Amino acid sequence: MSDRRESVDFGNAFAGRRVLVTGHTGFKGGWLSLWLQRLGAHVTGVALPPPPGPSIFESTGVAQSVDHRIGDIRSPDSFASAVKGVEPELLIHMAAQSLVRPSYEEPVDTFLTNVTGTAVVLDAARRMPSLKAIVVVTSDKCYENHEWPWPYRETDALGGADPYSASKGCTEIVANSFRRSYFNAPGAPLLATARAGNVFGGGDWAVDRLVPDIVRAIMAGTPVDIRNPGSVRPWQHVLEPLSGYLTLAARLLGDNGASFADAWNFGPEPQAFLNVETLARTLCDAWGAGAPPLRLGVGGGPHEAGMLTLDSSKAHAALGWRPRLSSDEAIRLTAQWYRAHANGDTNLRALSLAQIDAYSGGAPLAEPELKICA
């Protein structure tokens, strides 16, 4: 890792802007809300309440620093009530059912949230005269996965074998339909979609996600069951795709914004396409003493893709966006955050903002303090 990297520069794209974020109580939405506030935006968040237990939303006090509103995107009436009086210039739609395995258990709710919910949000957006730009966040799972050894590009076919992946492919189709039907006229808001890789970072407590499962095992002193150790994913720290979403939003809000109203991949460099076992062992190494043993090929479950990677060359060339963290740096930042939480740190907001500042300002990334399991 170099001592210093170039800073992330969004100019003044967000200073004083009114930004509506759906899903701000979630993992990525919480981090995005913190970053937007840091950039001087006035953030309104609409989402369901966070689930019981720890969350980035609760740990960093997001509710105390945004216009925090509860609403259900599955219901037009609920969402309309939640956004009443909001006059956003930018909408970033992140509210979603974001996991593959739960989609097998509740496929209807997955489609209601991800597909119908997106249509509800975009239909409401048509009635927001202040709105200038929309970013709809979907997923790398939106592609019809052929287990190819090469990365997927934005022009590849959409699809999905499992309900979650299919719902994300449908979300892209819905967004494109709204773009062509309602957001394609002079003066209308510009709409883009963003497809990110597998994201991890401090403050994610979702069930059936690799990093949170490892952290819970550390806290409980139990082994970690790794269902598919050989599966390859485009792993990235949460700040990487968020920097892509913000870069895209800044372009949509700027001059010649219409040329960016399209679909975009935001994934890591090819060397960060790691299999599940490698990521798990690297995180355990970063944690040090007290890391749990791994039990490979244990746990079973429904089908999940074995090979999935993204080609982000379009974002590199047209947006000037590139990932900034190596896999080791991303994992060290993650271990630092969870260790602070485990140590009872009561100011995780300050740590999270410090990580954002280090990432975006080009400062060297701090080494995690290895205390809890020493």
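This one's a predicted model, so the numbers in the text were calculated from it and none came from an experiment. Think of each chain on its own: its residues are numbered from 1, step by step along the sequence as written. Local features are withheld for residues below a pLDDT of 70 in this predicted model, meaning they are given only at 70 or higher, and side-chain atom pairs are given and counted only at 80 or more; totals for whole chains, interfaces and linings count all residues. The side-chain numbers reported here are obtained from all heavy atoms of the structure, hydrogens and water having been left aside.

Q: Quick one: what's the story with the sheet that holds strand β9 (residues 232-237), residue by residue and with numbers?
A: A sheet is described by the order of its strands in space; here 3 strands give the open sequence β7-β9-β11, paired in mixed fashion. Each edge of the open sheet is held by one strand with a lone partner, namely β7 (198-200) and β11 (273-275). Neighbour-to-neighbour, the strand axes of this sheet turn through a mean angle of 50°, independent of strand direction. Pairing between two strands is assigned when DSSP locates at least 2 bridges connecting them. Where helices and strands are cited, they refer to DSSP runs of H or I of at least four residues and of E of at least two residues respectively, numbered from the N terminus. With 3 bridges joining them, β7 and β9 adopt parallel strand pairing. Here the axes come from fitting lines to C-alpha atoms, over the contacting stretch only for helices, and the angles between their N-to-C directions go from 0 to 180 degrees.

Q: Can you break down the packing of helix α5 (residues 107-125) against helix α6 (residues 163-181) residue by residue, with the values?
A: For the pair α5 and α6, the least separation of the axes is 9 Å and the interaxial angle reads 15°. Our classification of the angle between α5 and α6 gives roughly parallel. The hand of the α5/α6 crossing is right-handed. Residue-level inspection shows P107, T110, F111, N114, V115, T118, A119, L122 and D123 of α5 in contact with α6, the latter providing P163, Y164, A166, S167, K168, C170, T171, V174, A175 and F178. Tallied by class, residues from the contact of α5 with α6 come to 12 nonpolar, 5 polar and 2 charged. Orientation labels follow simple angle bins: below 35 degrees gives roughly parallel, above 145 gives roughly antiparallel, 65 to 115 gives roughly perpendicular, and whatever is left gives oblique. Two helices that cross are described as forming a left-handed crossing if the nearer one is turned anticlockwise from the farther one by less than a right angle, and a right-handed crossing if clockwise. Pairs of residues are marked as contacts when any of their non-hydrogen atoms sit within 4.5 Å. Nonpolar residues are Ala, Val, Leu, Ile, Met, Phe, Trp, Tyr, Cys and Pro. Charged residues are Asp, Glu, Lys and Arg, and all others, Gly as well, are polar.

Q: Tell me about the packing of aromatic side chains, residues and numbers included.
A: The criterion for an aromatic pair is that two Phe, Tyr or Trp rings (for Trp, the six-membered ring) have centres within 6.5 Å, with stacked assigned to planes under 30 degrees apart, edge-to-face to planes over 60 apart and tilted to the rest. The tally for this structure, following the rule as stated, stands at 12 aromatic pairs. Considering the side-chain rings of F178 and Y182, the 5.2 Å spacing of their centres and the 50° angle between planes classify their relative orientation as tilted. Take F178: its relative accessible area is 12%, and that puts it in the buried class. By relative accessible area, which is 40% here, Y182 ends up partly exposed. Centroid distance F260 to W264: 6.3 Å. Interplanar angle 35°. Geometry classified as tilted. Exposure class is identical for F260 and W264. Each is buried. Three or more aromatic residues link up through ring pairs in this structure, and these residues are F10, F14, W35 and Y359. Relative accessibility thresholds used throughout: buried, under 20% of the residue-type maximum; exposed, over 50%; partly exposed, between the two (1.4 Å probe, protein chains only).

Q: Can you lay out the pattern of salt bridges for me, pointing to particular residues and giving the numbers?
A: The term salt bridge refers to a side-chain nitrogen of Lys or Arg lying within 4 Å of a carboxyl oxygen of Asp or Glu. In the structure shown here, the tally under the stated rule is 17 salt bridges. Close ionic contact of R126 with D123 constitutes a salt bridge, the shortest N to O distance being 2.7 Å. Since its relative accessible area comes to 36%, R126 is described here as partly exposed. For D204, the salt bridge is made with R209, and the minimal N-O distance between the two is 3.1 Å. With respect to class, D204 is no different from R209; both count as buried.

Q: Lay out the environment of A249 with the relevant residues and their values.
A: Within the secondary structure, A249 is located in helix α8 (residues 239-253). Considered as a pair, A249 and V137 are 112 residues apart in the sequence and their alpha carbons are 11 Å apart. A249 has contacts with F14, L90 and V135, leaving out every residue within four places of it along the chain.

Q: Give a description of the pairing of strand β5 (residues 133-137) that names residues and reports values.
A: Of all 5 residues that make up β5, 5 are buried, and the element is covered over most of its length. Side-chain alternation along β5 places A133, V135 and V137 on one buried face and I134 and V136 on a second face that is also buried. Sheet topology note: the β5/strand β6 (residues 190-196) ladder contains 5 bridges and is parallel. Bridge pairing links V136 to T193 in β6.

Q: Lay out helix α7 (residues 210-220) with the relevant residues and their values.
A: Within α7, burial applies to L210, V211, P212, I214, V215, A217 and I218. In this structure, the buried residues of α7 make contact with β7, β8 (224-226), β9, α9 (276-287) and α11 (327-342). Residue G221 follows α7 closely and has a positive phi angle near 70°.

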